[in-house]
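Close look at the chain arrangement
The lines below spell out each chain.
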Amino acid sequence: MTERMRPGAADPLRILGAPLPPPAHEQDALRDELERGLLFTKADSLIGWAVNQSRANSIWPLGFGLACCAIEMMATLGPGFDLSRMGAEVMRPSPRQADLMIVAGRVSLKMAPVLRQLYDQMPDPKWVISMGACASCGGIFNNYAILQGVDKIVPVDVYVPGCPPRPESLIYGIIKLQEKILATGVELGPLWRRGPKKKGAA
Ligand code: SF4
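Everything numeric here is computed off the predicted structure, so don't read it as measured data. (Residues numbered from 1 in each chain as written. Predicted model: local features only at pLDDT ≥ 70, side-chain atom pairs only at ≥ 80, totals over all residues. Heavy atoms only, no water.)

1. A closer look at the packing of helix α3 (residues 69-77) against helix α6 (residues 167-182)
Contact geometry for α3 and α6: axes closest at 8 Å, N-to-C directions at 75 degrees. Looking at the two axes, α3 sits roughly perpendicular to α6. Every residue of α6 that contacts α3 at Glu72, Met73, Ala75 and Thr76 is listed here: Pro167, Leu170 and Ile171. Classifying every residue of the contact of α3 with α6 by side-chain character gives five nonpolar, one polar and one charged. (Axes fitted to C-alpha atoms, helices over the stretch in contact; angles between N-to-C directions. Helix = DSSP H or I, 4+ residues; strand = E, 2+ residues; numbered from the N terminus. Parallel < 35°, antiparallel > 145°, perpendicular 65-115°, else oblique. Contact = heavy atoms within 4.5 Å. Nonpolar A, V, L, I, M, F, W, Y, C, P; charged D, E, K, R; others polar.)

2. Here we look at the packing of aromatic side chains
Scanning all chains against the criterion turns up zero aromatic pairs. When the ring centre of tryptophan 60 is taken as origin, the NZ or CZ atom of arginine 92, which lies over that ring, is 5.0 Å away. Over the aromatic face of tyrosine 119 sits the side chain of lysine 126, whose NZ or CZ is 4.3 Å from the ring centroid. (Phe/Tyr/Trp six-rings, centres within 6.5 Å; stacked < 30°, edge-to-face > 60°. Lys NZ or Arg CZ within 6 Å of the ring centre and 35° of its normal.)

3. Some details on unusual backbone geometry
Residue aspartate 124 is joined to proline 125 through a cis peptide bond whose omega torsion reads -5 degrees. Mapped onto the elements of the fold, proline 125 is located in the loop between α4 (112-121) and β2 (127-131). The amide bond that connects cysteine 163 to the next residue, proline 164, takes the cis arrangement and shows omega of -10 degrees. Counting through the fold element by element, proline 164 comes out in the loop between β3 (158-160) and α6. Phi angles above zero are rare outside glycine, and aspartate 82 is one such case at about 55 degrees. In this structure, aspartate 82 sits in the loop between α3 and β1 (100-104).

4. Quick notes on the sheet that holds β1
Ordered in space as β1-β2-β3, the three strands form an open sheet in which the pairing is parallel. Of all the strands in the sheet, just β1 and β3 have a single pairing partner and so form its edges. Ignoring strand direction, the axes of neighbouring strands in this sheet form an average angle of 20 degrees. By the bridge criterion, five bridges tie β1 to β2 in an arrangement that is parallel. Paired with methionine 101 across the strands is valine 128, a residue of β2. (Pairing = 2+ DSSP bridges.)

See below:
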């Protein structure tokens, strides 16, 4: 029983339709009605929840691939796996329209600055999935030409293991990313944080 619940008040977890004990006073009856039909929250929590839901369920990945892992990434978009079930099928040809970079394949040292430039051109907030052993740690290519982990040049949010990972694995990685986005706090802009106007201020 919560602190505010009076003895005999409506149990919020009761089975709907079960008879309620009669309220002792009219005020108690009114309060019971209000508690059943209202949801209390803070405005910034509600806005943060809505923003996070929008971000998590409409991810736009940058459409590019580096090696064999990219073939599996392409397969996730086909009818067999249908990435659109997760709301993340809109591959964008420009980094300025994308918020997710899927590093699918090994990154050569020659390609590394290009990849970093693409990342820098993506607007915030943005996320990175490292797909496959090569992207995550160089894989079998432990040599002078291949970057030994893409986290050396961009911040990685989710690692998808495998060589190559199956499309199901990439989809699971995207679901994990969605969970991460939903658990992230949303920073509201300066307009929201501005306090009440001071007396006499313009
Ligand atoms: S992890 Fe395997 S499949 Fe993916 S790029 Fe490397 S060698 Fe190719």
